[in-house]
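# Working through the structure, step by step
Letter by letter, the chains look like this.
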Amino acid sequence: MAASVSRFNSASTGISPGEFTWNGAYGTQFFCDPKERLVVVVETAAPGELRKYYRENVQDIVYGAMVK
């Protein structure tokens, strides 16, 4: 198992300091953003390339749907 923790703010990716993520096998994924008080769990049952598409885009979709 491996996790990623951001120490720096990245305006280009929208990643907040302290955000952490995990991408598992077969389409499982979660990410937590303490600054936004946000936890997202994703479970997909999609084949290969489609699963990869969802994994790469779910964060943009979630943040894009948020309204401040």
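Everything below is about the structure printed above this text.
Keep in mind it's a predicted model, so treat the numbers as computed, not measured. (Residues numbered from 1 in each chain as written. Predicted model: local features only at pLDDT ≥ 70, side-chain atom pairs only at ≥ 80, totals over all residues. Heavy atoms only, no water.)

### Side note on the packing of aromatic side chains
All told, the structure shown has four aromatic pairs when counted by the stated rule. Centroid distance Trp22 to Phe30: 6.2 Å. Interplanar angle 40°. Geometry classified as tilted. Residue class for Trp22 comes out partly exposed when judged on its relative accessible area of 24%. Assessed through its relative accessible area of 27%, Phe30 is described here as partly exposed. (Phe/Tyr/Trp six-rings, centres within 6.5 Å; stacked < 30°, edge-to-face > 60°. Buried < 20%, exposed > 50% of the residue type's maximum accessible area, 1.4 Å probe, protein only.)

### Some details on unusual backbone geometry
In this model, Arg37 sits at a positive phi of 55°, which is unusual for a non-glycine residue. Structurally, Arg37 is set in the loop between β3 (28-33) and β4 (38-43). Residue classification places Arg37 among the exposed positions, given a relative accessible area of 80%. (Helix = DSSP H or I, 4+ residues; strand = E, 2+ residues; numbered from the N terminus.)

### A closer look at the nonpolar core
Within the largest apolar cluster, five residues are counted, these being Phe31, Leu38, Val40, Val42 and Val58. Among the elements that line this core, the one with the most residues is β4, at three residues. Here Val58 is in contact with Gln29, Phe31 and Val42, once residues within four sequence places are set aside. (Core = buried A, V, L, I, M, F, W, Y, C linked by side-chain atoms within 4.5 Å. Contact = heavy atoms within 4.5 Å.)

### Looking at the side chain of Asp33
Residue placement: Asp33 occurs in strand β3. Despite its burial, Asp33 pairs with no opposite charge; the closest candidate is Lys35, at 6.8 Å N-O. Contacts of Asp33, omitting those with residues within four sequence positions, involve Ser16, Glu19, Leu38 and Tyr63. (Lys, Arg positive; Asp, Glu negative; His and termini not counted. Salt bridge = Lys/Arg side-chain N within 4 Å of Asp/Glu carboxyl O.)

### What to know about the environment of Lys35
Turning to its location among the elements, Lys35 is positioned in the loop between β3 and β4. Lys35 sits in the exposed class, given a relative accessible area of 60%. A sequence separation of 19 residues divides Lys35 from Ser16, and the C-alpha atoms of the two residues are 6.8 Å apart.

### Quick look at helix α1 (residues 48-65)
Between the first and last C-alpha of α1 there are 26 Å, a value that for 18 residues agrees with the 26 Å anticipated at 1.5 Å per step. Taking the largest bend as the criterion, α1 deviates by roughly 45°, centred on Asn57. (Expected span 1.5 Å × (residues − 1). Bend = angle between axes of the 7 residues up to and from the residue.)

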